[in-house]
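Observations on the model geometry
Now for the letters of each chain:
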Amino acid sequence: MLSAAVPSVVPPAAPERPPRARRRFALPSLLVAGFVAQVLVRLWLSRYHAGPVANPDETGYLAGARWLAGGPAADFSGTTFYRGGYPLLLAPIHWLTSDPATVYRLVVVAGSVAAATAFPLAYLLLRRFGIGRRGASALGFAAALAPPGLLFSGLALADAILPSIVLGWLLAVHDLVRRGPGRARAWPGARAGVLAGALAAYATAVHLRGTVVLAVLVVLMAGLVLARRGYGTAVLPGALVAAAVAAAGWALNAAVSAALYPRGPRDLTALLVSRLTTPDGQAWALSGAAGQLWYLIAGTWGLAGVGLAGAAVVTVRRGPLARRVTAAALLAVTLGIAYASSAALPDEHRVGNYAYGRYLSCVAVAWMLAGLLVLVRARRAAALRHVAASAALLAATGGVAAWYAGDRLRRYAYIAFDFPETSFLSGVRDALDLVATSRAALILLACLAAACLFARRRTRIVVATAVLAAVHVAFAADLAPKAPPAPATGWLHAPPPGGGFAVDTRVHWGIWVPLTHRVWWTALDLYDGRKQGPPPGACSALVPEDAGPPPAGWVATGEGGKGHGWTAWRDPACPASPRR
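Residues numbered from 1 in each chain as written. Predicted model: local features only at pLDDT ≥ 70, side-chain atom pairs only at ≥ 80, totals over all residues. Heavy atoms only, no water.

**Digging into the overall build of the protein chain**
The line we're drawing: The way it works is that DSSP assigns letters per residue, a run of H or I at least four long becomes a helix, a run of E at least two long becomes a strand, and they are numbered from the N terminus. Here the globule rule reads 2.2 Å times residues to the power 0.38, and the radius of gyration is calculated from C-alpha atoms. Buried means the residue's accessible area, taken with a 1.4 Å probe over protein chains only, is under 20% of the maximum for its type, while exposed means over 50%, and partly exposed covers the values in between.
The helix and strand tally for the protein chain stands at 24 helices and five strands. For 580 residues, the compact-globule estimate of 2.2 N^0.38 gives 25 Å, and the C-alpha radius of gyration of the protein chain, at 27 Å, lies within 12% of that figure. Along the first, second and third principal axes, the C-alpha atoms of the protein chain reach 110 × 90 × 50 Å. Going through the 580 residues of the protein chain one by one, you find that 51% of them count as buried.

Right under this line is the structure:
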C-alpha cells in the first residue's frame, strides 16, 4: 500500500494591525514622548539652579511649603502675601529631605513636570477647535515651549503651574457649554462643570489672579442658567464644588497667613480703592494694563495679538456656542487680570510698573494657540486682517505705556529678570527698548504669517510648527546658562544646624530673606538691635555692618563687614557640631 504525502502544517501568520489601530496606539506614545521631552528641556535649562533667586517670592513659597510639611514657620509680616495653594503641592518634598539645595532641586523637578502638562492640555484644546490629531500634537508641542513655561518652571514660583491651570480650565469651560444641556448629557456636562469649578477655585488659593478666573466662571455659570434651558444640572455640581474648594482655599490661606505673617501681610486695600476711584488712579491702572497687553503680544511674537483679534470675532459671530463662550472667557480673564493687577500694583520705581509680562504669563500659551488657530485655519485675506490687527494692538498698547511712563522708562530701575522676552527680541540687556522689541516681534509675526499663508493649506500646520519651534529653540538657547554660575561672594554662609538664628531688623531684607530657606531647622528670630541684643536661645546673629562690637559672651565671625551691609556674630557656648 502506497502512503500518501502528508502536507506540512504552517501556522497562520499573526493578523496585521489595521492602520487605524496603529495610529490609535501611536498617538498616546507620541504624547507621552512629547511630554517627557518637554520635562527634559526644562530640566536642562535649570540644571544649575540650586537655590531661590527671585526673592522674596520664591522664599515665601518655599517657607510656606516647609511649614505645611510640619517644619518651622517664618516671619514675613508687612510683605506681599504668598498664598498656600502652590506650597501645598510642594510640601511633600520636605518629607523627603531637609537639605535646602536638595529641596530646591526637587522643586525644580516638580515645576518642570507641572509646566510640561501644558503640552497635552494644548493638544486637547486644539482638538476641541477642530485641529486633527497629528496637527494638534505638533502645534501643541511647539506652543508649550512658550517663554513663560521655560522660564518659570525652573523657579519656585506659582507661575510654574498657573498656565496649565488656565488651559485645563478653558477645556472644562468648553466641555461644560458643549455637553451641559439636556438630561442625556447630564453626567458629561456635570463632570466638566465640576472640573471648571475646582480649577477656578484652586487658582484663587494659588494666586490673586485666580480670583479673576473664579469671578469669570461665576458670571459664565449664571449666564448659562439664566439664558439657556437645561444647564442647571451641569452647573449646580460645579458651583457647589467651586464653593467648597474656595472655602478650603480660604482656610488654607488663613492658616498660612497666621503662621508666616503674624503681624499681617502688606495691605494694599487703600491703594486699590484710590486707584479705582480717582482719575489719576484710573490712568495708572489702564496704562499699566496696556503695558501688560503690549508685553503679552510682543512676548508671544505677535501671536497673542492675532489671537485677541480672532477671539473678539469668534465671540460676536454666530457659530458653535462652546467656542464663543470659551473665547469670551479667555478675553475676560486676560483683561480682568491686566486691569486688576495693575490697579493693585504699588509704585516701586521700576520699569516693570509700566510694562510687565509676568501677570499675563498664565494666559500666554492659550493666546499663542489662538493665534496659531487663525493662521492655520483662516482664509488668507482674513488671516492678513488679523495680523494687521495684531500690529495695531501692539503699536497702540505700547504707545499708551510709553506715553504714560515717559522718561521713567529710563530713570527707574530696570530688573533684567522681568524682561527675558524683550531682551531676546531687542538684544538690549540693560534697558527696555519698546521700539526695537516691537519691531522684532512684528518681523517674527510676518515670518510666521508668510510661512503659513503662502504655503498650501495642507502644509500650514507643518510650516507653522517648524517656524515657531525654531523661534523657541533660539529663545531657549538665549535663556540657557552658558556656564555654571560663579560662587557668590559677600553672602553669609548658613551656620551649622542647631540653635536659634537671630536677625537684626536693621539689616536689609534682601540679605536676610534668602536665609529663611537655608536655615531650615528653625525660624529666624527678628529683633530690633537698637533696643536689645540677640534674644535668648540664639546661637547666631545677623547684624548691620556698623553694629559695633558684639555683646559680652558673643564673638564676631569676620564675615561680611564694610560694603556688604551686614556682619555676623556667634555665641561660642553653642554646640559647634552639626545637629540634624
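**Structural notes on the pairing of strand β4 (residues 555-561)**
Applicable threshold: In this analysis, strands are considered paired if DSSP registers two or more bridges between them.
Across four bridges, β4 lies against strand β5 (residues 566-570) in antiparallel orientation. Bridging across to β5, G561 finds its partner in W566. Hairpin connection between β4 and β5: a loop of four residues separates the two successive antiparallel strands, and G563 in this loop has a positive phi of roughly 90°.

**Structural notes on the packing of aromatic side chains**
Under the convention used in this document: By convention, a stacked pair of Phe, Tyr or Trp rings (six-membered ring in the case of Trp) has centres within 6.5 Å and planes under 30 degrees apart, an edge-to-face pair has planes over 60 apart, and any other such pair is tilted. Two thresholds decide whether a charge sits over a ring: the Lys NZ or Arg CZ must be within 6 Å of the ring centre and within 35 degrees of the ring normal.
Summed over all chains, the structure comprises 17 aromatic pairs. Centre to centre, the rings of F81 and Y261 are 5.2 Å apart; their planes meet at 75°, and the pair counts as edge-to-face. Residue F81 is located in the loop between α2 (57-68) and α3 (85-90), and its partner Y261 is located in the loop between α12 (232-260) and α13 (269-277); the two are separated by 180 residues in the primary sequence. Classification of Y261 as buried rests on a relative accessible area of 2%. Note on Y356 and Y359: the rings are 5.1 Å apart at their centroids and 80° apart in plane angle, and the pair reads as edge-to-face. We classify Y359 as buried; its relative accessible area is 17%. In textbook terms, an aromatic cluster arises when at least three aromatic residues are bridged by ring pairs, as seen for W284, Y354, Y404 and Y412. Between R350 and the ring centre of Y356, over which it is positioned, the NZ or CZ distance is 5.0 Å.

**As for unusual backbone geometry**
In this model, N55 is joined to P56 through a cis peptide bond whose omega is 5°. Inspection of the secondary structure assignment puts P56 in the loop between α1 (19-45) and α2. For W301, which is not glycine, the phi torsion reads 60° and is therefore positive. Turning to its location among the elements, W301 is positioned in the loop between α14 (279-299) and α15 (303-316). In the Ramachandran plot, H349 falls in the positive-phi region, its phi being about 55° despite a non-glycine side chain. Here H349 shows up in the loop between α16 (321-343) and α17 (364-377).

**Quick word on the environment of R228**
Applicable threshold: When checking whether two residues touch, look at their non-hydrogen atoms; a contact exists if any pair is within 4.5 Å.
Take R228: it is sitting in the loop between α11 (209-227) and α12. Judged by its relative accessible area of 44%, R228 falls in the partly exposed class. Considered as a pair, R228 and A285 are 57 residues apart in the sequence and their alpha carbons are 35 Å apart. Setting aside anything within four residues of it in sequence, one finds R228 in contact with G223 and L321.

**What to know about the nonpolar core**
Most often, soluble globular proteins keep nonpolar side chains buried together rather than apart. Put simply, the rule reads: By nonpolar core is meant a set of buried Ala, Val, Leu, Ile, Met, Phe, Trp, Tyr and Cys residues that side-chain atoms within 4.5 Å join together.
Core analysis: the biggest nonpolar cluster contains 159 residues, and W169, V363, W367, L432 and L542 have the highest contact counts within it. Looking at this core element by element, the count peaks at 12 residues for α17. Core analysis: the next-biggest nonpolar cluster, separate from the first, contains seven residues, A541, V543, W554 and W569 among them.

**Digging into helix α5 (residues 100-116)**
Note the threshold: To estimate the expected span of a helix, subtract one from its residue number and multiply by 1.5 Å.
For α5, built from 17 residues, the straight-helix expectation of 24 Å at 1.5 Å per residue is met to within 8% by its first-to-last C-alpha distance of 24 Å. When we look at burial in α5, the residues that qualify are P100, V103, Y104, V107, V108, G111, S112, A114, A115 and A116.

**Looking at the state of the cysteines**
A covalent bond bridging the sulfur atoms of two cysteines is what the word disulfide describes. Applicable threshold: Two cysteine sulfurs form a disulfide in these notes if their separation is within 2.5 Å.
Tallied over the full model, the rule gives one disulfide. Here C539 connects covalently by a disulfide to C574, the sulfurs 2.0 Å from one another. A torsion of -85° about the S-S bond marks the disulfide between C539 and C574 as left-handed. With C539 in strand β3 (residues 538-543) and C574 in the segment after β5, this residue pair connects regions lying 35 residues apart in the sequence. Accessibility expressed as a relative area gives 6% for C539, which makes it buried. A disulfide-free cysteine, C452 has its sulfur positioned 11 Å from the sulfur of C447, the nearest such atom.

**Section: the sheet that holds strand β1 (residues 500-504)**
What counts, and what does not: Note on method: axes are straight lines fitted to C-alpha atoms, helices fitted across the in-contact stretch only, with angles between N-to-C directions ranging 0 to 180 degrees.
Strand order in the open sheet formed by five strands is β2-β1-β3-β5-β4, with mixed pairing between adjacent strands. Each having just a single partner strand, β2 (524-527) and β4 make up the two edges of the open sheet. Between one strand and the next, the sheet's axes are offset by a mean angle of 25°, whatever the strand orientation. With four bridges joining them, β1 and β3 adopt parallel strand pairing. Paired with V503 across the bridge in β3 is L542.

**Re the pairing of β1**
Among the five residues of β1, five are classified as buried, and the element is accordingly described as predominantly covered. On β1, burial covers both faces: G500, A502 and D504 on one face and F501 and V503 on the other are all buried. Direction of pairing for β1 relative to β2: parallel, over a ladder of four bridges. Across the sheet, V503 pairs through a bridge with L526, a residue of β2.

**Points about the packing of helix α9 (residues 162-179) against α11**
When two helices pack together, their arrangement is captured by the angle between the axes and the distance separating the axes. Note the following rule: Should an angle fall under 35 degrees it is called roughly parallel, over 145 degrees roughly antiparallel, and 65 to 115 degrees roughly perpendicular, with every other angle called oblique. Three classes are used, and their members are as follows: Ala, Val, Leu, Ile, Met, Phe, Trp, Tyr, Cys and Pro are nonpolar, Asp, Glu, Lys and Arg are charged, and the others, Gly among them, are polar.
At a minimum axis separation of 12 Å, α9 and α11 run at an interaxial angle of 0°. Here α9 is positioned roughly parallel relative to α11, judged by the angle of their axes. Each of L162, W169, V173, L176 and V177 in α9 lies in contact with α11, whose residues at this interface are R209, V213, V216, L217, L220, M221 and L224. For the contact of α9 with α11, a count of residues per class yields 11 nonpolar, no polar and one charged.

**Some remarks on a nonpolar patch on the surface**
Worth spelling out the cut-off: Each patch is built from residues lacking any salt bridge and having more than 30% relative accessible area; the joining distance is 9 Å for like charges and 5 Å for nonpolar side chains (Val, Leu, Ile, Met, Phe, Trp, Tyr). All accessible areas in this document rest on Shrake-Rupley with a 1.4 Å probe, and a residue is counted as covered only by the protein chains that are shown. By convention in these notes, a salt bridge is any Lys or Arg side-chain nitrogen within 4 Å of a carboxyl oxygen on Asp or Glu.
Where nonpolar side chains cluster on the molecular surface, the patch consists of V32, V36 and L40 and spans about 270 Å² of accessible area. Here V32 is to be found in helix α1.

**Thoughts on the pattern of salt bridges**
The final tally for this structure, using the stated rule, is 12 salt bridges. A salt bridge links D418 to R350; its shortest N-O distance comes to 2.9 Å. One end of the pair, D418, is in the loop between α19 (408-411) and α20 (420-426); the other, R350, is in the loop between α16 and α17, and 68 residues separate them in sequence. The buried category is assigned to D418, whose relative accessible area is 10%. With a shortest N-O distance of 3.2 Å, D407 and R411 are connected by a salt bridge. Overall, the relative accessible area of 36% leaves D407 in the partly exposed class. Here the residues in one salt-bridge network are D57, D159, R209 and R358, joined through shared partners.

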